[in-house]
Amino acid sequence: MDAEGPQTLCDLCLAQVCYRLDALCRKRADGSMSLIWAPVFPQELADQLLQKMAAKGMLNDTTVGIFRNSKTLRLRRASIRCCKVSADAFRLAFCSHRLLELDASWVSGGLTGAAVISGLASNPECRASLQKLALDGLSLDWGSLEEGGSLCVGFSSLQGLRTIQLINTDLTDDNLEDICSLPKLESLDISCSTVSKLDALLKCKNTIRSLVAHRLHRLNMPPVRLLYIFEQLQALRHLDFSDDHLSGDDGERRDRDEAVRQLLEGSPQVLPSLVSLDISGRKTISDSALRAFVESRKGLIFLGLLATGLSSCPVLSSQKNLKVTGEANENQLWEALRRYRERECFIREALVHLYSLTTDTDKPQPDTLKFPFYQTGTLRGSWTSGFLQLVLEAMQSHPESLHVHLVATACVFNLTKQDMAEAMPVRLMSSTVTQLLHAMKTFPNQQQVQKNCLMALCSEYILQDLPFDKYLASMLMIKWLSNHEEPALQRMAVAVISILVGKLSPEETAQLSKDVSFMKQLLAVVQQKAMLGVIDSTLKFALSALWNLTDETPTAARNFIECQGLELYEEVLESYYNEPSIQQKVLGLLNNIAEVEELQSDLMDEDLLEHILSLLKDSQLEVGVRYFAGGILAQLGSRAEAWTLDDELRSAILEELHESIITWPHLEREMVSYRSFRPFCPLLQHGQPSGVQLWAVWAIHLVCSQNTSHYSSMLEEEGLTELLKALDTHPDTHNDVKRVSQRIMLMVQEHQTHSELINSQKDDGKAEQKQF
């Protein structure tokens, strides 16, 4: 079972509501949805439904209409983060609720901060109840209210607010004055906003406990005034005055750094309640200033020092309970990735150091690490899964950032290479693979990102066992292959494709086969190798991919012929006569073509069939080669009415089929697998030549003996059991065919008896438990 455990019943039920929302709703005149009937939802469940709809990307002006009914769906903690909702839809859906918290960050669809504030303020209950508000990334646009003739309101209209988050907004100094007049304000985040003065903070100096002011690039205050304001905030416990070390004016940054330096070197009576300080990105702070601060603050629990050059300062090693973001050790990197997920500049910095750390796997690690780390030379346990989760969250938080994905994809490879992926929670790995595919799709021309993703995906465990969109992965891989010819990477890409194609559903394979470029690209690889007479894994993977692609997919088989694949394969058959692994894959694909009746005429080439017949006859060849040669000849020989070549050749083929097959030994190793037995049905009909029937029953017996449970049920479901019984009882059936048919039926019967016995024992055990 996945280490994360199964989904809760509540999650599953909410997912079903989301899935069936259209059926559960009717449309209003304005096009919005309304639940046809609904009980009064438990309040927490209403919040979770909204969150689930937002997470699934299905929250919009239409679907959000279900929340207009605030009697059955009572929202308290509402999050519409990153959804597309207009101002009108927001007002109708949310402003009648008695909200405690609202996160409308990064909402698209024309919603502004002013529209949110005015809408919430229109509800007297909400004016008093709302305690937490996040409007990151929104335009505040107060002018729109004046133009619309709306009542002039501001943040101070919501008197219950305690926590406000306005990251990346056009917050003005006047807006900040309004906010700081709130009587209960405790926590304020104005990071990356456009404020130029912080004097307004003096209004809330007795209540504010947390101030986050990261990257205030328009702040224009002398260090003395800035320090004076900080000194007045007597209740402040957390101060984040970090900066983006990758951008900004050096002169303005020096002024702000000077204020920080004076704060660090000042008396502990300044900001006496402070237990958490973040100055990451401020490069000009000295070791001595940091040492003075740490030694005078015994209650300190957090320091942000990433990209300052201070995270290795000796004074930190003596602070056992102090958490630090930095790059000096694994714990500091962990803390940085966890805290700075939304800050691209710091995420980039932390990822670079994580990459260096995970690349040097032989480096001895300190004993202070709090997570299982190196065992037998490789990363293990919760350390790797924890860091992988953090890397994944960084990629998800910055989906369009090339800089983040360039390093993050390399970190993913380092954290999942060799057998490390198998130790990860399945859900985490699936999400990571999905994000790698997103990176390949988003950055198609960035060779290093593509290379990192390809290397990470080239894992048999990932490709065989993890659930993810294998169709999308196949398309991305073939697109990558068309633009790159580096041998090592080409080998990996073709290997990935060969496995992925075999994992697709019949419908996905059919859809994939419509893209002729997919076929052309794989044939180009085969041709490239064949021209050089090369025998390597790239050629074998390409042949396997083509074989899987054409399996029970007539469209792909037709494309193969139209792309001159048949001529190429004839050359490969002759060129690689002494290479059974190559011949089996070539003959396997020709089997797929031979199974399609309307394409059999394309195989009616005397030279080709005589060559295949010679392979069937050659007792020195491996049985695998002779088996696939026999399959092609059995399919073509089964339809006398479609035979267009000399009748003597057909007679020779049918006779040799029977004579060869009776000499084949039973194979223990798995040689072939079948999606279905449907192509065998015509071969098992009464009246077919014995050689044709014998090849079919031999093939069925082979796979059934190697995986009885799987293929015995397939025989029943597809009606082949009845065909085998009919063959066994018909007087004209050859004894050799009867003998193999009987073995198959006996095998299936024994398996069924064994299964029934096991089930009976389980039922008896359950009955005993009930009695007990």
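Preceding block: the structure.
A short tour of the structure in this document, coming up.

What counts, and at which threshold
- Residues numbered from 1 in each chain as written.
- Predicted model: local features only at pLDDT ≥ 70, side-chain atom pairs only at ≥ 80, totals over all residues.
- Heavy atoms only, no water.
- Helix = DSSP H or I, 4+ residues; strand = E, 2+ residues; numbered from the N terminus.
- Buried < 20%, exposed > 50% of the residue type's maximum accessible area, 1.4 Å probe, protein only.
- Contact = heavy atoms within 4.5 Å.
- Pairing = 2+ DSSP bridges.
- Axes fitted to C-alpha atoms, helices over the stretch in contact; angles between N-to-C directions.

### Quick notes on unusual backbone geometry
Argument step 1. Phi is positive for A307, which is not a glycine, with a value near 60 degrees.
Argument step 2. Position of A307 among the secondary structure elements: in the loop between β11 (302-304) and β12 (323-325).
Argument step 3. Overall, A307 belongs to the buried group, its relative accessible area being 10%.
Argument step 4. Look at Q418: it is not a glycine, yet its phi comes out positive at around 55 degrees.
Argument step 5. Note that Q418 resides in the loop between α15 (402-416) and α16 (426-442).
Argument step 6. Residue Q418 is classed as exposed on the basis of its relative accessible area of 60%.

### With respect to the side chain of S157
Argument step 1. Relative to the helices and strands, S157 is located in the loop between α7 (143-147) and β6 (163-165).
Argument step 2. Accessibility expressed as a relative area gives 13% for S157, which makes it buried.
Argument step 3. In contact with S157, not counting residues within four places along its chain, are A121 and R127.

### Topic: the sheet that holds β12
Argument step 1. In spatial order, the strands read β3-β4-β5-β6-β7-β8-β9-β10-β11-β12; together these 10 strands make up an open sheet with parallel pairing. A single partner strand is all that each edge strand has here, and the edge strands are β3 (77-79) and β12. Strand-to-strand twist across the sheet, computed as the mean angle between neighbouring axes with direction ignored, equals 5 degrees.
Argument step 2. With 3 bridges connecting them, β3 and strand β4 (residues 101-103) associate as parallel partners. Its bridge partner lying in β4, S79 is registered against D103.
Argument step 3. Set on the sheet, helix α12 (residues 330-339) makes contact with β11 and β12; between it and β12 the angle comes to about 75 degrees.

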